Structures are given as C-alpha cells and as structure tokens.
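# Tertiary structure, described
Okay, here's what each chain looks like letter by letter:
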Amino acid sequence: WAAIALSLFSAVGHITKGANYPEAIAALVVILTLLSTRKEYNVRTNPRIQSMGIKAAALVVSSVLIYGIVGFYLLDKKHFMIDFSLMQSIKFTLLNFSLLGSPDLIPRDSFALDFLYTLRIGGFASIAFMLYSLIRPYVFRTNILPEERIKAESIVQQYGRSALDYFKLYYDKQLFIVPDLDAFISYKVKGNFAVALEDPVAPDREEMKKIIATFRDFCHENGLKEIYYRVPRESLDIYEELSKKSLFLGQEGVVDLSSFTLEGGERKSIRNALNKITEQGYTAKIHTPPIKDGLIQKLKTVSEEWLKTSGRKEIIFSQGLFSEKEIKQQTVITVENKEEKIIAFLNIIPDYAKNEGTYDLLRKTADAPNGIMDFILVELFRYFRSEGIQFVNLGLAPMSGLDAPQKFSEKSMKFAYEKIRSFSHYKGQREYKDKFHPIWKDKYLIYDNDYDLVSVPSLLARVIKS
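Residues numbered from 1 in each chain as written. Predicted model: local features only at pLDDT ≥ 70, side-chain atom pairs only at ≥ 80, totals over all residues. Heavy atoms only, no water.

### Brief notes about the packing of aromatic side chains
On inspection of all chains with the given rule, the structure shows 25 aromatic pairs. When the centroid spacing of 5.2 Å and the interplanar angle of 75° are considered together, the rings of Tyr166 and Phe167 count as edge-to-face. Between Phe322 and Phe345 the ring centres are 6.2 Å apart and the planes differ by 85°, which places this aromatic pair in the edge-to-face class. Remark: Phe345 occurs in strand β8 (residues 342–349) and Phe322 occurs in the loop between α11 (293–310) and α12 (324–327); sequence separation between them is 23 residues. Here Phe322 matches Phe345 in class, with each residue buried. An aromatic cluster is present here, built from Tyr67, Phe72, Phe80, Phe84, Phe92 and Phe115 joined pairwise through their rings. A cation over a ring is seen here: Arg430 above Trp440, with NZ or CZ 3.9 Å from the ring centre. (Phe/Tyr/Trp six-rings, centres within 6.5 Å; stacked < 30°, edge-to-face > 60°. Helix = DSSP H or I, 4+ residues; strand = E, 2+ residues; numbered from the N terminus. Buried < 20%, exposed > 50% of the residue type's maximum accessible area, 1.4 Å probe, protein only. Lys NZ or Arg CZ within 6 Å of the ring centre and 35° of its normal.)

### Brief notes about the sheet that holds strand β1 (residues 174–177)
Pairing is mixed across the open sheet formed by eleven strands, whose spatial order is β1-β2-β3-β4-β11-β5-β10-β9-β8-β7-β6. Each edge of the open sheet is held by one strand with a lone partner, namely β1 and β6 (283–287). Ignoring which end each strand starts from, the neighbouring axes of this sheet average 30° apart. Judged from the four bridges that link them, strand β2 (residues 184–190) and strand β3 (residues 193–197) form a sheet pairing that is antiparallel. (Pairing = 2+ DSSP bridges. Axes fitted to C-alpha atoms, helices over the stretch in contact; angles between N-to-C directions.)

### Some thoughts on the nonpolar core
With 30 residues, the main nonpolar core has Leu346 and Leu380 as its most contacted residues. Within the residue set of this core, elements represented by two or more residues are α10 (268–279), β7 (332–336), β8, β9 (356–364), α13 (372–386) and β10 (391–398). Counting residues per element, this core draws most heavily on α13, which supplies ten residues. Those residues in contact with Leu380 that sit more than four places away from it in its chain are Ile333, Leu346, Ile348, Tyr359 and Val392. Counting 26 residues, the second largest nonpolar core, distinct from the first, contains Phe176, Ala196, Tyr228 and Leu242. (Core = buried A, V, L, I, M, F, W, Y, C linked by side-chain atoms within 4.5 Å. Contact = heavy atoms within 4.5 Å.)

### Remarks on the pattern of salt bridges
Under the defined criterion, the tally for this structure stands at 24 salt bridges. Asp172 is paired through a salt bridge with Lys173; the nearest N and O atoms lie 2.9 Å apart. The class for Asp172 is buried, based on a relative accessible area of 11%. On the accessibility criterion, Lys173 (2% relative accessible area) is buried. By sharing partners, the salt bridges in this structure join Asp165, Lys168, Glu198, Arg230, Glu252 and Lys443 into a single network. (Salt bridge = Lys/Arg side-chain N within 4 Å of Asp/Glu carboxyl O.)

### A closer look at the side chain of Lys173
Note on placement: Lys173 falls in the loop between α7 (146–159) and β1. A polar side-chain atom of Lys173 sits 2.9 Å from a polar atom in the side chain of Asp172. Each residue touching Lys173, except ones within four places of it in the same chain, is listed here: Ile144, Phe167, Lys168, Ser186, Tyr187, Leu197 and Phe317. (Polar contact = N/O pair within 3.5 Å; in protein donor to acceptor, adjacent residues only side chain to side chain.)

### Here we look at the packing of α10 against α13
Look at α10 against α13: their axes get within 8 Å of each other, and the N-to-C directions meet at 95°. With respect to each other, α10 and α13 are oriented roughly perpendicular. Of α13, the residues touching α10 (which contributes Ile270, Ala273, Leu274, Ile277 and Thr278) are Ile372, Asp374, Phe375 and Val378. Of the residues assigned to the contact of α10 with α13, the class counts are seven nonpolar, one polar and one charged. (Parallel < 35°, antiparallel > 145°, perpendicular 65-115°, else oblique. Nonpolar A, V, L, I, M, F, W, Y, C, P; charged D, E, K, R; others polar.)

### Observations regarding α11
If you check α11, its first and last C-alpha atoms are 26 Å apart, about what 18 residues at 1.5 Å a residue would give, namely 26 Å. Among the residues making up α11, those that are buried are Leu295, Ile296, Leu299, Val302, Ser303, Trp306 and Leu307. Around the axis of α11, the buried residues are gathered within 135° of arc, so they sit on the same side. In α11, the exposed positions that point more than 90 degrees away from the buried face belong to Asp293 and Lys308. Turning to α11, the residues buried within the fold contact β6, α12, β7, β8 and β9. (Expected span 1.5 Å × (residues − 1). Arc of directions from axis to C-beta.)

### Some words on helix α8 (residues 205–221)
Here α8 spans 24 Å end to end across 17 residues, near enough to the 24 Å set by a 1.5 Å rise per residue. Close packing links the buried residues of α8 with β1, β2, β3, β4 (225–232) and α9 (236–241). Of the residues flanking the start of α8, the one acting as N-cap is Asp204, its side-chain oxygen 3.2 Å from the backbone nitrogen of Glu206.

### Observations regarding the packing of helix α1 (residues 2–18) against helix α2 (residues 21–36)
The geometry of α1 relative to α2 is characterised by a closest axis approach of 8 Å and an angle of 160° between their N-to-C directions. Relative to α2, the element α1 lies roughly antiparallel. Classified by chirality, the crossing of α2 by α1 is left-handed. On α2, the residues that touch Ala3, Ile4, Ser7, Leu8, Ser10, Ala11, His14 and Ile15 of α1 are Tyr21, Glu23, Ala24, Ala27, Leu28, Val30, Ile31, Leu34 and Leu35. (Left-handed = near helix turned anticlockwise from the far one by under 90°.)

### Digging into the pairing of strand β11 (residues 439–447)
Counting buried positions along β11 yields seven of nine residues, so the element is predominantly enclosed. Pairing geometry for β4 and β11, over four bridges, is antiparallel. Residue pairing in the sheet places Tyr228 in a bridge with Ile446 of β11. Both strand β5 (residues 245–256) and β11 contribute to a ladder of nine bridges, which runs antiparallel. The residue bridging Phe248 from the neighbouring strand is Tyr444, located in β11.

### Concerning the pairing of β2
Most of β2 is tucked away: five of the seven residues are buried. Bridge analysis of β1 against β2 gives four bridges, and the strand direction is antiparallel. Bridge pairing in β2 links Leu175 to Ser186. In textbook terms, the turn of a hairpin is the stretch between consecutive antiparallel strands, and for β1 and β2 this stretch comprises six residues.

### A word on a nonpolar patch on the surface
Taken together, Ile66, Val70, Tyr73, Leu74 and Leu86 make up a surface patch of nonpolar side chains, about 520 Å² in accessible area. The dominant element in the nonpolar patch, judged by the number of residues it contributes, is helix α3 (residues 47–74), at four residues. Tracing the sequence through the fold places Leu74 in helix α3. (Patch = residues over 30% accessible without salt bridge, like charges linked within 9 Å, V, L, I, M, F, W, Y side chains within 5 Å. Areas by Shrake-Rupley, 256 points an atom, 1.4 Å probe, with all protein chains shown as cover.)

Dropping the structure here:
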C-alpha cells in the first residue's frame, strides 16, 4: 500500500508539475502491476512485537525531533545567519528530518553542516526503524511440542510409505499438525518460503488433500509461499486439483532384488570390482544395534576424512548427517582390511515404503581402493535379501531422466544437465546408479507461481545446510 501511495503521488506530481505524461504512465503501470500481484505481498506480523517496536520507534523519532528543535533554537546566529524562533526551529527540523531540506537554510561553517547531517541521518534511521516495526515478519515457533512429535511418530508408523518419511521427523524440520486430521506435513522455513519434504504423511489421498489445503491457508496467513520437494508422480493429480504447478526434478532409483543378479555382460564391471576387493583381503561386516562406542569413533574418523578429502559439508533435509546418537541405534555395514581398519561404511535407516530398504550415509577413506562402493552396495543387497526385503532405494539422481521436456524450465534443465560442465556430477550419479539397473521413478517440485522458480536454487541450497 505504501508503494501504491508513492506511485500515485508520483503520477499526480508528474502530470500537475510538468505534464510529464511518459513518467506518469510509468507510475500508473507500476500501480496496476502492484494491484494485479497483490496476493504475493503478504507478511504476517507479530502484534506484541509490533506494538513494542512502534513504541520504541516513537521514542526514537521524538528524541530526534527534540534534538533538532532544541538544536536550532539554541544555535548561535553565526552558524546559519538566522536567529531561530521556536516556530522556525520546528519548521526546519521537520524539513530536514523528512529529508526534504530547505533552500533558505544555508550552513556557514562545518559545525552547522555536521548538525544538518546528524539530523538527516537520525531522521532517516528513525523513519526506517518505524517502518520496520510496522512490517516486521512474524517469528515462527520452531520447537516441536512433545505431544506433536508423539502424534507424528504414530502417524508415520501407521501410514508411512516413503523412504523419506524417516527424515520428516528429523531435528531440522517443523511439523504442521491439525488436531482433527490424522496427517502431518514436515517442512522448513527459509525466507518467505515453507519448503515441505515430499508428500504429507496421511492415511489416504483425501486426507492428504485436506491437509495440503489447510497448510496452504496457514502459509498464506503467515506470509509464506509453500513448495513441496521430491513429490512422486502418482501424487501430482492431488496438487493439480489444488491449482498447483509441478517441475520435474529427477528420478529416484529402486533396485528390485528379485531380478538383480551379478551374472551377464552388463554386470561384468561390478563382478571385476568385487573380485579385486576380495583378492586384496577386504571383508564386509554387519553390525547390529546398539553399536559400540569404539566402533562409532572409527566410523566418525572415516566420515570426517571423507568430508575433508571430498571438500563437502554435511547436508540435511532429504538426508541425514553423521550423528553418533542415531547411528548407535542403526544397523551398519563396514568394509575392513586385514588389520580391521574400516575403509568404508554405510548405515541402514528405516524405510516406510512397502517391502523396501534404504541407507543414508555411504562414506569411505581416501585410500579406499576403486570399486569399494560397488562392494559395499552388493553386501547391502545381500543383507536385505536375507531379511526378506525385495527393493532397495538408491536415492535421487537429480535432473536425470527428462527425455521429453515440455516447459521452458524443463528444457533449460535438460540443456544444463547435458551441456554445462558444472552439472556433470549429476550425470555421474545417474551413470553410477544405472549399473545396478534400478527402476526409475519420477520426482517433482510443486509450486504456485513460475517466478518463484527464480528463488528455488538458492532456497534449496539454504534449506539443506546443516
């Protein structure tokens, strides 16, 4: 509304002052644009904090005004060649406080000039503080109440059906829970976006649709735009019914262990890697929880070395980080040499998809031989088979699998994936996982407006920081 008021003032001013119609038309275009996109400018304020801020701002404004009025009134005539009366002091204070200035006020020395500067700076700062107090965004409660966590854990145990459900209860998330719905959304707030991880956890599609609609209203009331990250193709129609848009993100690879084999020419590279690792005396070991503290420290050493040598940092949101407390309660597969030094490991995490298993961290030392990742994944496959699990989720291969792009954004993504060198590591991820011949499942980003996509890359980069 402030922008509209200023634009209207500009339009009227250009017409009445100098009949400057091009500038006036430009201002009117700005007004129409603001009105047509008014739904995008919605920020919730905290009434209590806003009230405190306004009181503080009023005190600051009053102090600056008193400083200016008293200053002008007591100034020696030599500084401005004016013997200020009280009314003149008030007039010139208001003009300089509001940054309008006055041609009648000419400083005669550096003291007078410095006085005007301090008054103008004080005016600008106090006005800015007043505006900030009025529009200061609402600070969200980030802590999860015990009863909310208990309910979310119960919902996951009953209705979980995704490999990502484990991370929906991770410490970096907030939970959107509605008392009369048996469902929840796991999300993270960054800037004016609420980024939800995948679909809500819900008993059925109708309940899912209800909580998505409720979350949409919640976000609108709180000045947030909602985005859903890594939504499966089979859920797209639910979001489309709610007038949301989708963008292809990549594909998730799932290996069917009932058909996976090391036989045949296509698996020769894997067989060769396994043979070389075995010949060098490396063995795989399965460690069931609770993991001993000594082993955890060895795993931590491997993890820290992997992070250092690969130049990476821990990331979260759709995956985990090395947590001694969590790994202690998880099954871990290690690869060790003859001296029992661990050179690679992975940890198995809960997967709520039917008859499916998955892992989180897959890390190795700098001196680990080539093929060690193939070796430990095949051991993971064998372990899951022994547990009667048919499928293994290998995770997302970003930007891959987009064969027939339709939208401009998808065409741009395909071009970047195939032609731009800085995206080549995504191709490497796809090619590596392809060795195991997984079933590829499409994943999408759900959003509301196309211009929100401009913010998505930097937004996701901030969301995944630990």
